[in-house]
Structure formats: C-alpha cells, structure tokens
Amino acid sequence: AGSWTYSSDVANVDFTGLGSYNELAILLRNVTGSAANIRQLLVSTDGGSSSLNASGDYVAIDSSGIETNDTVCSFHNTSSALARTAWGLLRMINLATPKLWHSGFPTTNLVAIIPTTTAINAIRVRPHTGNFTGGSIYVWGR
C-alpha cells in the first residue's frame, strides 16, 4: 500500500488512499528520531485531512484487560532517539464496526480499540516529539 524511506527530517509520515483495504500491516525499520520519542500511529476517516487525536479516539487495553482512553496508538512504550524497529496490525478498517490495533510487542497499552465505526482511509506515523531522522516505513494492505 505504500512505503517511506528517509531522505530528510519529517514530523509525520502519511499514507492515504487506503480505503480499499480491510487490514494493514505496518513495519518501521530502524527508525531514528531527533529526540527521544515513542513511534505512534494515528488514523484518519477523511483521507488524511485530519487525524483522530482526542482522548477516547483510541482505547488502550493493558495486560490485565483494563481499558484507558488514549489519543494515539503506540508501536512501543520506551522513548529513544536511537534506531527502533516495530510493527503493528490494523484490522477491520473499512467496516462499520470498531477497529483493532495490535503492535508486535506484548506489553502494556500496545493493544487498542479504535471506537469509530467510520471507515479508515489514511494513517499517520509520527514520533511523539521531534522528527524522524532515518529509517524506513512499509505498509501492506489486504
């Protein structure tokens, strides 16, 4: 569905035109930052014009099953500027049901529900602070 490879510092990497997919697999490879940060995912239901980013747009589920309102989905929960690799799955994106997010790391708050029943057609990958300064991001859809 798309890819990005570092050529200059950026605060966001957007992937649009994803409305024909039901699932997305997202891989970050050796992504570095200008500051210590957590790599995050935001979704859009309007082609990327805006991203869902209010408390409750995402519901994090911790390892004991407790839900907490959140403003993003995280790929990992440690903050670092060094190269980090992470992956996630975003499911049921074009159905009129809540969506599911799961990162590749079975730790606290990396599984989430995205309560919107509107189809997701774009995503944004970003550092929670600073810019991306290296690495690659790949998105596959089915």
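Here, every reference points to the structure presented above.
Residues numbered from 1 in each chain as written. Predicted model: local features only at pLDDT ≥ 70, side-chain atom pairs only at ≥ 80, totals over all residues. Heavy atoms only, no water.

A. Quick peek at the overall build of the protein chain. Scanning the protein chain from terminus to terminus reveals 0 helices and 12 strands. In summary, the protein chain has a C-alpha radius of gyration of 14 Å against a globular reference of 14 Å for 142 residues, a match within 12%. With the C-alpha coordinates aligned to their principal axes, the bounding extent of the protein chain is approximately 35 × 35 × 25 Å. Of all 142 residues assigned to the protein chain, the portion counted as buried reaches 37%. Within the protein chain, residue pairs in contact and separated by at least 24 positions form 72% of the contacts whose partners lie at least 6 positions apart. Accessible surface for the protein chain amounts to roughly 6500 Å². Of this, 50% is attributable to carbon and sulfur atoms. Side-chain charges in the protein chain split into 8 positive and 8 negative, and the spacing between the mean points of these groups amounts to 9 Å. (Helix = DSSP H or I, 4+ residues; strand = E, 2+ residues; numbered from the N terminus. Rg over C-alpha atoms; globule rule 2.2 N^0.38 Å. Buried < 20%, exposed > 50% of the residue type's maximum accessible area, 1.4 Å probe, protein only. Contact = heavy atoms within 4.5 Å. Areas by Shrake-Rupley, 256 points an atom, 1.4 Å probe, with all protein chains shown as cover. Lys, Arg positive; Asp, Glu negative; His and termini not counted. Charge placed at Lys NZ, Arg CZ, Asp CG, Glu CD.)

B. Local environment of the side chain of R39. Examined against the element boundaries, R39 turns out to sit in strand β4 (residues 39–44). In this structure, R39 is buried with no salt-bridge partner, the nearest side chain bearing the opposite charge being D9 at 12 Å. Of the polar contacts made by the side chain of R39, one reaches the backbone oxygen of S80; its length is 2.7 Å. (Salt bridge = Lys/Arg side-chain N within 4 Å of Asp/Glu carboxyl O. Polar contact = N/O pair within 3.5 Å; in protein donor to acceptor, adjacent residues only side chain to side chain.)

C. Representation of the sheet that holds strand β11 (residues 122–127) in the model. The 4 strands lie next to each other as β2-β11-β4-β7, forming an open sheet whose pairing is antiparallel. Edge positions in the open sheet fall to β2 (13–16) and β7 (73–74), since each of these has one partner strand only. Sheet topology places β2 next to β11; 4 bridges connect them, and they run antiparallel. Bridging from a neighbouring strand, F15 pairs with I123 of β11. (Pairing = 2+ DSSP bridges.)

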